[in-house]
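As a plain string of letters, each chain reads:
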Amino acid sequence: MPIFRWGQPWDPFLDLEREVDRLLQGVNLTLHGVRFSRRFPQVNLLELDDSYVLTAEIPGIDISQLDVTIASNCLTIKGTRLPPGEAGEDAFRRQERFHGPWQRKIQLPDRINEDGMRADYSAGVLRVTLLKAPASAARQIKVNEGP
Amino acid sequence: MTESPDRTQPHESTSLIPAPENATGEPRLLFNPPIDIYETPDGLVLYADLPGVDSEGLDLQVQNNRLTLFGRVTTDVPASAQMLHQEYHIGDFLRSFILSDEVDHDRIQAKLTNGVLRVELPRAPRAKPRRIEVSGG
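These figures come from a predicted structure and were not determined experimentally. Per-chain numbering applies: the sequence of each chain, read as written, is numbered from 1 onward. Here chains are named by letter from A upward and ligands by number from 1 upward, in the order in which they appear as written. Reporting in this predicted model follows two pLDDT cut-offs: at least 70 for local features of residues, and 80 or more for side-chain atom pairs to be given and counted; totals over whole chains, interfaces and linings ignore these cut-offs and use all residues. Calculation of side-chain values draws on the structure's entire complement of heavy atoms; hydrogens and water are dropped beforehand.

Participant: Please clarify how the overall build of chain B should be interpreted in this entry.
Facilitator: When its secondary structure is counted, chain B shows zero helices and nine strands. Helix and strand definitions follow DSSP, with helices as H or I runs of at least four residues and strands as E runs of at least two, each counted in order from the N terminus. When its helices and strands are written in sequence order, chain B yields β-β-β-β-β-β-β-β-β. Using a 1.4 Å probe on the protein chains alone, a residue whose accessible area is under 20% of its type maximum counts as buried, one over 50% counts as exposed, and one in between counts as partly exposed. By residue count, 41% of the 137 residues in chain B fall in the buried class. The long-range share in chain B, meaning contacts at least 24 apart out of those at least 6 apart in sequence, stands at 61%. The contact criterion used is simple: two residues touch if any of their non-hydrogen atoms lie within 4.5 Å.

This is the structure in structure tokens:
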């Protein structure tokens with residue numbers, strides 16, 4: 001905060017404005033705990049020595065409704081989460097859980113062995129294990145001398 | 001039912017809930033799980049998303065008209081794993097609700113399936129009028 005200002009020395013609102021701006025900028029960083037207004041599902045990607053592991057929080061899915069595919073190093077998970085069947089729209093007192101179709105695409109950082117893919121679903125968490133493709137051996141390229 | 005049981009006190013700890021700590025003694029994160037509450041002819045039904053919580057890690061209790069749910073999340077991520085991309089953090093779930101007097105506490109039923117908790121809060125049968133005998137003096 002400047003102690004002395006040329007021009008309008010008695011403009012208290014300028015400082016107030018700046019202070020409010022600064023506080024509002026801080027609000028964006030404190031979204032911890034407000035989990036339901038974000039992308040669904042939330043995913044984490046972990047790297048192990050020989051594999052990548054993707055975990056996604058997708059509670060309450062029937063595994064027949066869960067679709068996990070991989071194409072050109074891009075992993076796609078999609079499905080639909082249905083609202084509780086017996087509840088009418090006007091019966092809700094509170095509705096914070098996500099319902100509806102969802103899809104996430106995750107680009108993998110490295111080549112993977114598409115045959116060694118494995119997906120497990122337990123306690124509402126999907127876990128996809130992807131084996132890294134073995135690094136291809138360096139290949140010598142012969143240089144031909146021009147005429 | 002006039003009063004909705006929606007007053008939440010997410011981070012209040014009660015003595016019945018173990019102090020949340022992990023193996024290294026650091027406090028674990030606590031999250032407020034998203035919920036749905038809807039009315040049925042028999043009472044209220046509550047759904048809560050608790051991904052990563054199994055039936056052993058779930059603690060559901062009613063005390064003094066307060067329904068508290070606590071879910072301990074278990075993960076088996078190897079320590080050598082390196083996080084490349086993180087959208088969610090691992091932590092436990094805690095949320096509590098004030099139940100209205102119309103909920104029959106003895107008939108509350110809960111079921112945990114695929115990380116979703118469903119709690120049935122049946123309405124208590126209406127109290128029958130009771131005749132009070134007046135004895136003549």
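Once you've had a look at it, read on.
Participant: For this particular structure, what's the right way to read the interface of chain B and chain A?
Facilitator: Where interface size is given, it is often the accessible area lost as the parts come together that is meant. Contacts between chain B and chain A engage 43 residues on the former and 40 residues on the latter. Taking both sides of the interface into account, the surface hidden between chain B and chain A amounts to around 3,600 Å²; carbon and sulfur atoms contribute 52%. Between Lys or Arg on one side and Asp or Glu on the other, a salt bridge is scored when a side-chain nitrogen of the former is within 4 Å of a carboxyl oxygen of the latter. Counting across the interface, chain B meets chain A through seven salt bridges. Ionic pairing is found between Arg97(A) and Asp49(B), a salt bridge with its closest N-O pair at 2.8 Å. Here a polar contact is recorded for every N or O atom pair within 3.5 Å, except that within protein the pair must consist of a potential hydrogen donor and a potential acceptor, and residues adjacent in sequence are included only if both atoms are side-chain atoms. Counting every contact that joins chain B to chain A gives 24 residue pairs in polar contact (both at pLDDT 80 or more). Those elements giving two or more residues to the side of chain B that touches chain A turn out to be strand E1 (29-31), strand E2 (35-40), strand E3 (43-49), strand E6 (82-86), strand E7 (91-98) and strand E9 (116-122) of chain B. Across the side of chain B that touches chain A, the residue classes tally to 23 nonpolar, 11 polar and nine charged. Any two strands with at least two DSSP bridges between them are considered paired. Judged from the three bridges that link them, strand E5 (residues 92-95) of chain A and E2(B) form a sheet pairing that is antiparallel. Each bridged residue has a counterpart across the sheet, and for Gln95(A) the counterpart in E2(B) is Asp36(B). Accessible-area loss on putting two parts together, using a 1.4 Å probe and summing over both, is the definition of buried area adopted here. Gly is put with the polar residues, along with every residue not named as nonpolar or charged; the nonpolar set is Ala, Val, Leu, Ile, Met, Phe, Trp, Tyr, Cys and Pro, and the charged set is Asp, Glu, Lys and Arg.

Participant: Any chance you could explain the pairing of strand E2 (residues 51-57) of chain A here in plain terms?
Facilitator: A regular strand carries its side chains on alternate faces of the sheet. All names here are of chain A. In terms of burial, E2 is a largely internal element, seven of the seven residues being buried. Of the two faces of E2, both are covered, the one formed by Ser 51, Val 53, Thr 55 and Glu 57 as well as the one formed by Tyr 52, Leu 54 and Ala 56. Alignment of strand E1 (residues 42-47) against E2, held across six bridges, turns out to be antiparallel. The residue of E2 that forms the bridge with Leu 46 is Val 53. Across seven bridges, E2 lies against strand E8 (residues 125-132) in antiparallel orientation. Note that in E8 the partner of Val 53 across the bridge is Thr 129.

Participant: Would you take a moment to explain the sheet that holds E6(B) for this structure?
Facilitator: The strands making up a sheet are joined through hydrogen bonds of the backbone, oriented either antiparallel or parallel. Pairing is antiparallel across the open sheet formed by five strands, whose spatial order is E7(A)-E8(A)-E2(A)-E1(A)-E6(B). Of all strands in the sheet, those bounded by a partner on one side alone are strand E7 (112-122) of chain A together with E6 of chain B. Along the sheet, successive strands turn relative to each other by an average axial angle of 20 degrees, direction set aside. Of the pairings in the sheet, the one linking E1(A) to E6(B) comprises four bridges and is antiparallel in character. Paired with Glu47(A) across the bridge in E6(B) is Gln82(B). Every angle, taken between N-to-C directions, lies between 0 and 180 degrees, and every axis is a line fitted to C-alpha atoms, over only the stretch in contact when it is a helix.

Participant: Explain the packing of aromatic side chains here, please?
Facilitator: Geometry of an aromatic ring pair is reported as the spacing of the ring centres plus the angle between the planes. Residue and element names in this part refer to chain A. Stacked, edge-to-face and tilted labels apply to pairs of Phe, Tyr and Trp rings (six-membered ring for Trp) whose centres lie within 6.5 Å, assigned for plane angles under 30 degrees, over 60, and everything in between, in that order. Evaluation of the coordinates by the stated rule reveals five aromatic pairs over all chains. For the ring pair Phe 40 and Phe 98, a centre distance of 4.5 Å and an interplane angle of 10 degrees mean the geometry is stacked. Residue Phe 40 is found in the loop between helix H1 (12-27) and E1, and its partner Phe 98 is found in the loop between E5 and strand E6 (100-107); the two are separated by 58 residues along the sequence. Judged by its relative accessible area of 15%, Phe 40 is buried. The class for Phe 98 is partly exposed, based on a relative accessible area of 28%. Grouping aromatic residues by their ring pairs yields a cluster made of Phe 40, Phe 98 and Trp 102. A cation over an aromatic ring shows up here: Lys 132 above the ring of Tyr 52, its NZ or CZ 5.1 Å from the ring centre. Geometrically, a lysine NZ or arginine CZ counts as sitting over a ring once it is within 6 Å of the ring centre and also within 35 degrees of the ring normal.

Participant: Explain the confidence of the model for chain B to me, please; I cannot follow it from the model alone.
Facilitator: Segments scoring low in pLDDT should not have their predicted coordinates read at a detailed level. Within chain B, residue pLDDT values average 81, and 80% of them lie at 70 or more. Segment residues 1-17 of chain B: pLDDT under 50, and 42 contacts once partners within four positions in sequence are set aside and those in other chains are kept. pLDDT expresses, on a scale from 0 to 100, how confident the predictor is about each individual residue.

Participant: Teacher, can you tell me more about unusual backbone geometry here?
Facilitator: As a rule of thumb, non-glycine residues mostly have phi less than zero, and peptide bonds are mostly trans rather than cis. Residues and elements named next belong to chain A. Backbone torsion omega between Phe 40 and Pro 41 reads -15 degrees, so that peptide bond is classified as cis. Here Pro 41 shows up in the loop between H1 and E1. At Asn 73, a position not held by glycine, the phi torsion is positive, near 65 degrees. With respect to the secondary-structure elements, Asn 73 resides in the loop between strand E3 (67-71) and strand E4 (74-81). You will see that Ala 123, though not glycine, has its phi angle at about 50 degrees, which is positive.

Participant: Help me understand the sheet that holds strand E8 (residues 109-113) of chain B, please; the structure alone is not making it clear to me.
Facilitator: Strands sit in the order E5(A)-E2(B)-E3(B)-E9(B)-E8(B) across an open sheet of five strands; the sheet is antiparallel. Looking at strand neighbours, the two that pair on one side only are E5 of chain A together with E8 of chain B, the edges of this open sheet. Neighbouring strand axes in the sheet, compared pairwise and without regard to direction, differ in orientation by 15 degrees on average. Of the pairings in the sheet, the one linking E3(B) to E9(B) comprises seven bridges and is antiparallel in character. Counterpart to Ala48(B) in the pairing with E9(B) is Leu117(B).

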